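# Structural description and commentary
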Amino acid sequence: MSRRDAYLTAAMPTLRSLDALEREGLLSPDPRLEAAAQSMAIAVTPEMAALIDRTDLTRDPIARQFVPSVAETEVAPEELADPIGDEFRSPVKGIVHRYPDRVLLKPLHVCPVYCRFCFRREKVGPGGEALSADELDAALAYIRARPEIWEVILTGGDPLMLAPRRLGRLLAALDAIPHVAVIRIHSRVPVADPGRITEELVAALRPRRTGVWLGVHCNHARELTTEARTALARLANAGLPLMAQTVLLKGVNDDVETLEQLMRALIAARVKPYYLHHPDLVRGTGHFRVSIAEGQALMKALRGRLSGLAQPTYVLDVPGGHGKVPVGPSYLGDDPDALTVQDAFGGSHSYPPR
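Residues numbered from 1 in each chain as written. Predicted model: local features only at pLDDT ≥ 70, side-chain atom pairs only at ≥ 80, totals over all residues. Heavy atoms only, no water.

## Re helix H6 (residues 133-144)
Using the following cut-off: Secondary structure is summarised from DSSP: a helix means a run of H or I of at least four residues, a strand means a run of E of at least two, and numbering begins at the N terminus for each. To estimate how far a helix should reach, multiply one less than its number of residues by 1.5 Å. Categorising residues by exposure relies on relative accessible area from a 1.4 Å probe, with only protein chains included: less than 20% of the type maximum marks a residue as buried, more than 50% marks it as exposed, and the intermediate range marks it as partly exposed. By arc we mean the arc of the directions from the helix axis to the C-beta atoms, nothing more. Residues count as neighbours in contact if any of their non-hydrogen atoms are within 4.5 Å of one another.
Between its first and last C-alpha atoms H6 spans 16 Å; for 12 residues at 1.5 Å apiece the expected length is 16 Å, and the two agree. Among the residues making up H6, those that are buried are Leu 136, Ala 139, Leu 140, Tyr 142 and Ile 143. Looking straight down H6, one finds its buried side chains confined to an arc of 150°; they lie on one side. Residues of H6 that are exposed and angled more than 90 degrees away from the buried face: Ala 133 and Asp 134. On its buried side, H6 packs onto strand E1 (95-99), strand E2 (102-105), strand E3 (151-154) and helix H7 (164-175).

Shown next as structure tokens:
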């Protein structure tokens, strides 16, 4: 039996404190970590803890994502408590209306794991605010009253942390709104806590009138364990289209080989890479950020190594609530009268300007 299998067989609980992480050999005691722990909740599921290389914690890509570090206490002037402007675009509690045809609906702020780079790191956590029955009714009423809303995106927190019956009721309520055509659900659960993807949960998610899409958050190929792939297959076999969101993170996936392995692994699991997010200006996350130029260079390198099916769109969420924009590399020269096109392997070719 492998170390990982032995760890999981022992039915370890989710690790939720500095003391628990220390007992499992995932960090060394340091009084400065108290500030990091107070700034954001801690949760590392057994599945994620079992993947961490205890002999190289500072460089392990799984540990970097979930284990608090002293670097989180360093806050740069440009970093923000609300880096993508959720509050500015929230007309009703639980709703973010940034684009005319779609809204975010945040029914709860609990997650199976807490990613240390999360742009809602100051909102999520155990005991975090969930919508009351009246607040959820008001959010649904907001959607019903606006026929321009074509898509509802369930986020949070993690919507798949809801009990299947409660999740099913929420989807049924959205499905009953005639102008809502698409329900998109964003979740870490299939990867971080795959045991939650039960037949009961899948039944709650099955497409009805609306198209139900599931956005899976995954940042490293090691996260796609046998259990995660089984959970994803269960969802895909139920008719749910799966797509992936990945955050470009220094020390986690900021090299072309790691990104290539991840995108290939996702496609093999029937998950379409959707977005590669440039990291947001979250307080205390400077140690995760790379430059946009570095991200563009990585996307250029991927273009020559992966099929179009495996290519995500590299995006930046403009601070202040102005939405996402693609910031991928350009392959066209600057002279409109003598146009050149760069191929995926760096070669330059002339092309008629008209």
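## Looking at empty space enclosed by the protein
Using the following cut-off: Site definitions follow a grid-based scheme: protein atoms alone, a 1 Å grid, a 1.4 Å probe that fits but cannot get out for cavities, and for pockets an open set with protein on both sides within 12 Å along at least five of seven lines, plus lining residues having an atom within 4 Å of a point. Grid points are joined across faces, edges and corners, and a volume is the space filled by probe spheres set on the points. Each residue is assigned to one class: nonpolar for Ala, Val, Leu, Ile, Met, Phe, Trp, Tyr, Cys and Pro, charged for Asp, Glu, Lys and Arg, and polar for all the others, Gly among them.
Throughout the structure, instances matching the rule amount to one cavity of 30 Å³ or more. Taken as a whole, the largest cavity spans an internal volume of roughly 40 Å³. Lining the largest cavity, in full, are Pro 107, Leu 131, Leu 136, Leu 162, Arg 166 and Leu 170. When its residues are assigned to classes, the lining of the largest cavity shows five nonpolar, no polar and one charged.

## A short note on the nonpolar core
The condition is simple: What makes a nonpolar core is a set of buried Ala, Val, Leu, Ile, Met, Phe, Trp, Tyr and Cys residues whose side-chain atoms join them at distances within 4.5 Å.
In this structure, Leu 105 and Leu 174 are the most contacted members of the largest nonpolar core, which totals 85 residues. Grouped together as the second largest cluster of nonpolar side chains are seven residues, Met 40, Cys 111, Cys 118 and Val 124 included.

## Topic: the state of the cysteines
Quick reminder of the rule: When the sulfur atoms of two cysteines come within 2.5 Å, that pair is taken as a disulfide.
In the structure shown here, the tally under the stated rule is zero disulfides. Just so you know, Cys 118 is unpaired, no disulfide at all, and the nearest cysteine sulfur is the one on Cys 111, 6.3 Å from it. Free of any disulfide, Cys 218 has its nearest neighbouring cysteine sulfur in Cys 115, separated by 11 Å.

## A look at the packing of aromatic side chains
Given two aromatic rings, one states the distance between the centres and the angle between the planes to describe the pair. Applied cut-off: Pairing of aromatic side chains requires ring centres within 6.5 Å, counting the rings of Phe and Tyr and the six-membered ring of Trp. Pairs whose planes differ by under 30 degrees are stacked, by over 60 edge-to-face, and all others tilted. As a reminder, the over-ring test applies to NZ of lysine and CZ of arginine, requiring each to be within 6 Å of the ring centre and within 35 degrees of the ring normal.
The tally for this structure, following the rule as stated, stands at two aromatic pairs. When the ring of Phe 117 is compared with that of Phe 288, the centres are 5.6 Å apart and the planes differ by 80°; the resulting orientation is edge-to-face. With Phe 117 in the loop between E2 and H6 and Phe 288 in the loop between strand E7 (272-277) and helix H12 (292-303), this pair connects stretches of sequence that are 171 residues apart. Of the two residues, Phe 117 and Phe 288, both sit in the buried class. For the ring pair Tyr 274 and Tyr 275, a centre distance of 4.0 Å and an interplane angle of 20° mean the geometry is stacked. Residue classification places Tyr 275 among the buried residues on the basis of a relative accessible area of 16%. The residue whose ring lies beneath Arg 102 is Tyr 99, and the NZ or CZ to ring-centre distance is 3.9 Å. Across from the ring centre of Tyr 142, 3.7 Å away, lies the NZ or CZ of Arg 146, which sits over that ring.

## With respect to the packing of helix H11 (residues 256-268) against H12
Stated precisely, the cut-off is as follows: Between N-to-C directions, angles span 0 to 180 degrees; the directions come from axes that are lines fitted to C-alpha atoms, helices contributing only their stretch in contact. Between 65 and 115 degrees an angle is taken as roughly perpendicular, under 35 as roughly parallel, over 145 as roughly antiparallel, and anywhere else as oblique. Crossing handedness: left-handed means the near helix sits turned counterclockwise from the far one by under a right angle, and right-handed means the same turn made clockwise.
Interaxial distance between H11 and H12 falls to 10 Å at its minimum, and their mutual angle equals 55°. As judged from the angle between their axes, H11 and H12 are oblique. Crossing hand, H11 versus H12: right-handed. The residues of H12 that touch H11, namely those facing Val 256, Leu 259 and Glu 260, are Leu 298, Ala 301 and Leu 302. Of the residues that constitute the contact of H11 with H12, the class distribution is five nonpolar, no polar and one charged.

## Describing the sheet that holds E3
To be explicit about the condition: Paired strands, as defined in this entry, are two strands with at least two bridges between them according to DSSP.
The sheet built from nine strands is open, its strands ordered E1-E2-E3-E4-E5-E6-E7-E8-E9 with mixed pairing. At either end of the open sheet lies a strand with only one pairing partner, and these are E1 and strand E9 (324-326). If you compare each strand with its neighbour and ignore which way they point, the axes differ by 25° on average. Pairing between strand E4 (residues 182-187) and strand E5 (residues 211-217): six bridges, direction parallel. Across the sheet, residue Ile 185 finds its bridge partner in E5, namely Leu 214. Its contacts with the sheet put H12 on E7 and strand E8 (313-317), and the angle it makes with E8 is roughly 165°.

## Here we look at the layout of surface pockets
A probe matching the size of a water molecule, rolled over the atoms, marks out where space remains unfilled. When its volume is computed, the largest pocket comes out at roughly 880 Å³. As for the largest pocket, its lining consists of 45 residues, of which Phe 119, Thr 155, His 186, His 217 and Gln 245 are closest to the centre. Broken down by secondary-structure element, the contributors of at least two residues to the lining of the largest pocket are E1, E2, E4, strand E6 (242-247), E7, E8 and E9.

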